[in-house]
Amino acid sequence: MHPNRPPPFHQRFHSENLGQSALRPICIICFCFLAFAVLIFTLTTTSHSETPFPYSSFTHITSFLASSSPSSSKSIVQPATDAIMQEASLPDYSNTTLDPSPDISLPSDQECDLNSPINCANPEVYHILIKATIEAFPDVHFHRFGKPVVGDDNGRSCDMAWRYRPKTAKRPGIFKDYRRFDVSRSATCVYLVSKIGEYHTGLNARKKKTNMTMNEANKQDSFQSEYQLESRFKSGKYLVYLGGGDRCKGMNHYLWSLFCSLGEARFLNRTLVMDLSLCLSSMYSSWKQNEEGKDFRFYFDFEQLRASASVIDQHQFWTNWELWRKKNKLNVRLVEDYRITPSKLSRVKDALILRKFGNVEPDNYWYRVCQRESKSLIRRPWHLLKKSPRLKDIALAIASKLDWDFDVVLVLRPYKDDLLETLREKIQDGRNVYIATDESDTAVFGPLKDRYIIHFLDDFKELWGEKTEWFVETKHLNNGITVEFDGYMRKEVNTEVFLIGKRQIKWE
């Protein structure tokens, strides 16, 4: 018989073929019965379930998640990248877009109490806050919205955070904002947004910050046993720079030397011991004198530097060193000549290399270590240095107050009178123009006001006033002592605003 030909009909019911013949129809009948039972169960459950949203609300949410801008084929809210998703602390609403439907009311008037507090967790409230935000800031790409939370104690406001990017931004990066929304109900229970607060007014929606002094930060690993901390410390290799003539020099000089030391530490695969106490040069001081006792974190992001490079605070290091040095027989290699190159120290096994600089300038500058034959070995990791997030927030607040639509002119002293003629060729009349300058007498820019709307840093003094995050956090870092908004802070903010502006003109 042919192998693929079925057996004759009279042979199909022989004992050897009966199992195969009976199994197929039995399987088909069982499958049909199972499918029918699942269908009956689904219909019964659906008819008796208490769905959390009525059909009308479900329709709104569906269209809310799927609609796009009526003026563009692209989504109003642009999706964020995976890296941004991981960095942000907000919930993921990356593909959220706006439903262009009219204001939404509750399912029935009986369920609405006009005198009750606004429930900020209500999806209807969330929807209307997003709608109001997108309509209020048409020049912004929104990447993500956080869930609204209660605003003030009167129950009539909600705070909401979001991540965004200005459409005209020239620099890469995603920014964050959180604002307070005044919410009310009409007589027909329609939610209305009557006011949107200024930049960073929705404090309850921001990510909670841990404002710690350095001593408090050093205790954050207290849950670990002393043995674990000691074991980790004694297995490390460290590099320290002491003394030298770099102190109280200009900030560019200080950074040039600091990043030489950081470059050598990376070359030697060692942890750099950093002194976070700075001396601010008189060129940045309102007193025209050098100022000791400034904190590195006033100006730069030490937490970000510590996360991306192997550095440790000097105070924490010496405390641990004195505690465990003798017990673990940790040795020190003292180096007093900057001409001893990093390559010669690469084979040193001692726990600590201590470079000590003398009193004779310029041979006692730290950056001398990275000169001559070491220049090709040491790479200064400039990409690791970021401005203080507190100062960057001030710059972003200024840009927000100017609706992200402004031009910037960087003017360094001495001021030249022909600036107006230059700007006339490059900037249209009536534009918002931010003057980033170290000129203390802003009256010299008076002629520009006839053609432009002029702004200076001091026009935004409220951004570093007593009730601001900058004031509170810097005071906390400074052990309860008020911090002056000094000349170098002004320079950093002006630089950030300059980089955000639509047109950037340098006048030197």
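It should be emphasised that the depicted structure is a prediction, and the values quoted were computed from it without experimental measurement. (Residues numbered from 1 in each chain as written. Predicted model: local features only at pLDDT ≥ 70, side-chain atom pairs only at ≥ 80, totals over all residues. Heavy atoms only, no water.)

Draft legend 1. Spatial organisation of the overall build of the protein chain. Each helix and strand counted, the protein chain has 15 helices and 16 strands in total. Looking at the protein chain residue by residue over its 508 residues, the buried ones come to 44%. Restricting to contacts in the protein chain with at least 6 residues of sequence separation, those with at least 24 account for 67%. Summed over all atoms, the accessible surface of the protein chain reaches about 29000 Å², with 54% contributed by carbon and sulfur. (Helix = DSSP H or I, 4+ residues; strand = E, 2+ residues; numbered from the N terminus. Buried < 20%, exposed > 50% of the residue type's maximum accessible area, 1.4 Å probe, protein only. Contact = heavy atoms within 4.5 Å. Areas by Shrake-Rupley, 256 points an atom, 1.4 Å probe, with all protein chains shown as cover.)

Draft legend 2. Looking closely at the state of the cysteines. What the rule picks out here adds up to 3 disulfides. Paired through a disulfide, Cys-260 and Cys-370 show a sulfur-sulfur distance of 2.0 Å. Here Cys-260 and Cys-370 share a disulfide; its torsion about the S-S bond, 100 degrees, makes the bridge right-handed. Taken together, the positions of Cys-260 in helix H7 (residues 251–268) and Cys-370 in the loop between strand E12 (352–357) and helix H12 (389–401) put the pair 110 residues apart, joining distant regions of the chain. Judged by relative accessible area, Cys-370 falls into the buried class, the value being 5%. (Disulfide = S-S within 2.5 Å.)

Draft legend 3. Region of interest: the packing of H12 against helix H15 (residues 487–500). As a packed pair, H12 and H15 sit with axes 9 Å apart at the nearest point and diverge in direction by 45 degrees. Here H15 runs oblique to H12, going by the angle between their axes. Where H12 crosses over H15, the handedness of that crossing is right-handed. Within the contact between the two elements, H12 uses Leu-391, Lys-392, Ile-394, Ala-395, Leu-396, Ile-398 and Ala-399 and H15 uses Met-489, Glu-492, Val-493, Glu-496, Val-497 and Ile-500. For the contact of H12 with H15, the residue count by class is 10 nonpolar, no polar and 3 charged. (Axes fitted to C-alpha atoms, helices over the stretch in contact; angles between N-to-C directions. Parallel < 35°, antiparallel > 145°, perpendicular 65-115°, else oblique. Left-handed = near helix turned anticlockwise from the far one by under 90°. Nonpolar A, V, L, I, M, F, W, Y, C, P; charged D, E, K, R; others polar.)

Draft legend 4. Structural view of the confidence of the model for the protein chain. Looking at the protein chain as a whole, the pLDDT averages 81, with 75% of positions reaching at least 70. This stretch, residues 45–110, has a pLDDT under 50; its non-local contacts, to residues over four places away or in other chains, come to 109 contacts. (pLDDT = per-residue confidence, 0-100.)

Draft legend 5. Layout of the pairing of strand E6 (residues 238–243). In this sheet, E12 lies alongside E6 in parallel orientation, the contact comprising 6 bridges. Counted as the bridge partner of Val-240 is Leu-354 from E12. In the sheet, E6 pairs with strand E7 (residues 271–274) via 3 bridges, with the strands oriented parallel. In the sheet register, Tyr-238 faces E7, and the bridge partner there is Thr-271. Crossover handedness for the path E6 to H7 to E7: right-handed. (Pairing = 2+ DSSP bridges. Right-handed = clockwise from strand over helix to strand, strands pointing away.)

Draft legend 6. Region of interest: the sheet that holds E6. Pairing is parallel across the open sheet formed by 5 strands, whose spatial order is E10-E7-E6-E12-E11. The outermost strands of the open sheet, each flanked by one partner alone, are strand E10 (311–313) and strand E11 (332–335). In this sheet, neighbouring strand axes are inclined to one another by 25 degrees on average, regardless of whether the strands run parallel or antiparallel. Strand contacts of H7: E6, E7, E10 and E12, with the helix running at about 155 degrees to E6, the strand carrying the most contacts.

Draft legend 7. Local environment of the environment of Thr-495. With respect to the helices, strands and loops of the structure, Thr-495 is situated in helix H15. Thr-495 gets classed as partly exposed once you look at its relative accessible area, which sits at 31%. Residues Thr-495 and Lys-392 lie 103 residues apart in sequence; the distance between their C-alpha atoms is 9.7 Å. Separated by 2.8 Å, the side chain of Thr-495 and the backbone oxygen of Lys-491 make a polar contact. (Polar contact = N/O pair within 3.5 Å; in protein donor to acceptor, adjacent residues only side chain to side chain.)

Draft legend 8. Geometry of the packing of aromatic side chains. Throughout the structure, instances matching the rule amount to 30 aromatic pairs. A ring pair is formed by Trp-256 and Trp-382, whose centres lie 6.0 Å apart and whose planes are at 20 degrees; its orientation type is stacked. Linking Trp-256 in helix H7 with Trp-382 in the loop between E12 and H12, this pair joins segments that are 126 residues apart in sequence. Trp-256 sits in the partly exposed class, given a relative accessible area of 40%. (Phe/Tyr/Trp six-rings, centres within 6.5 Å; stacked < 30°, edge-to-face > 60°.)

Draft legend 9. Geometry of the nonpolar core. Phe-296 and Ile-398 are the most contacted members of the largest nonpolar core, which totals 87 residues. For this core, the element with the highest residue contribution is H7, accounting for 9 residues. Contact partners of Phe-296, with chain neighbours within four places excluded, come to Tyr-254, Leu-258, Met-274, Leu-276, Leu-278, Phe-302, Leu-305 and Leu-385. Within the second largest apolar cluster, 15 residues are counted, among which are Leu-419, Ile-454, Phe-456 and Trp-507. (Core = buried A, V, L, I, M, F, W, Y, C linked by side-chain atoms within 4.5 Å.)

Draft legend 10. Spotlight on empty space enclosed by the protein. This structure, assessed with the given rule, holds 4 cavities of 30 Å³ or more. By volume, the largest cavity is sized at about 50 Å³. Along the walls of the largest cavity sit Phe-137, Val-140, Phe-142, Trp-162, Tyr-164, Asp-177, Arg-179, Ser-400 and Trp-404, which together make up its complete lining. Those elements that place two or more of their residues in the lining of the largest cavity are strand E1 (140–145), strand E3 (157–166) and strand E4 (175–185). The residue makeup of the lining of the largest cavity, split by class, is 6 nonpolar, 1 polar and 2 charged. (1 Å grid on protein atoms, 1.4 Å probe; cavity = no way out; pocket = protein on both sides within 12 Å on 5 of 7 lines; lining within 4 Å. Points joined across faces, edges and corners; volume = space filled by probe spheres on them.)

Draft legend 11. The arrangement of the sheet that holds strand E15 (residues 453–455) in detail. Strand order in the open sheet formed by 4 strands is E15-E14-E13-E16, and the pairing between neighbours is parallel. Sheet topology places E15 and strand E16 (504–507) at the edges, where each strand pairs with a single neighbour. Pairs of neighbouring strands in the sheet enclose a mean axial angle of 25 degrees, with direction left out of account. One ladder, built from 5 bridges, connects strand E13 (residues 407–411) with strand E14 (residues 432–437); its direction is parallel. Within E14, the residue paired with Val-411 across the bridge is Thr-437. Across the sheet, helix H13 (residues 419–426) touches E13 and E16, and the angle it forms with E16 is around 160 degrees. On top of the sheet, H15 reaches E13, E14 and E16; it is set at about 135 degrees to E16, its chief contact.

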